[in-house]
Amino acid sequence: MNVAPMRGGTAVQDHVALAEIELCGDLIIAASAAAERLSVDRIDEVLKVADAREGGGPGDDRR
């Protein structure tokens, strides 16, 4: 088990991991509130996939 090193009394944070954990939490909340399985479109909405595409993030092929 790896433990984050301590610097100045606080643990070093992995911001990517924290963002992924937040997204997983958002999916869990959406799934628990849904009467049926989440559609691909709903999952994209929860994960804000369209926002990332419009923002020109990694993998954006628009020029």
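Just above sits the structure.
A brief structural summary. (Residues numbered from 1 in each chain as written. Predicted model: local features only at pLDDT ≥ 70, side-chain atom pairs only at ≥ 80, totals over all residues. Heavy atoms only, no water.)

Side note on the packing of helix α1 (residues 15-33) against helix α2 (residues 40-47)
Threshold: Whenever a helix is involved, its axis is fitted only over the stretch in contact; in every case the axis is a line through C-alpha atoms, and angles between N-to-C directions fall within 0 to 180 degrees. In this description a helix means any DSSP run of H or I spanning at least four residues, a strand means any run of E spanning at least two, and both kinds are numbered starting from the N terminus. Roughly parallel covers angles under 35 degrees, roughly antiparallel covers those over 145, roughly perpendicular covers 65 to 115, and oblique covers all other angles. By definition, any crossing whose near helix is turned counterclockwise from its far helix by less than a right angle is left-handed, and any crossing with a clockwise turn is right-handed. Contacts between residues were defined by any pair of non-hydrogen atoms, one from each residue, lying within 4.5 Å. Throughout, the ten residues Ala, Val, Leu, Ile, Met, Phe, Trp, Tyr, Cys and Pro are labelled nonpolar, Asp, Glu, Lys and Arg are labelled charged, and all others, Gly among them, are labelled polar.
Contact geometry of α1 with α2 gives a least axis separation of 9 Å together with a crossing angle of 135°. By the angle between their axes, α1 is oblique relative to α2. Of the two possible hands of crossing, α1 and α2 adopt the one that is right-handed. In contact with Leu23, Asp26, Leu27 and Ala30 of α1, α2 contributes Arg42, Ile43, Val46 and Leu47. Considering only residue class, the contact of α1 with α2 consists of 6 nonpolar, no polar and 2 charged.

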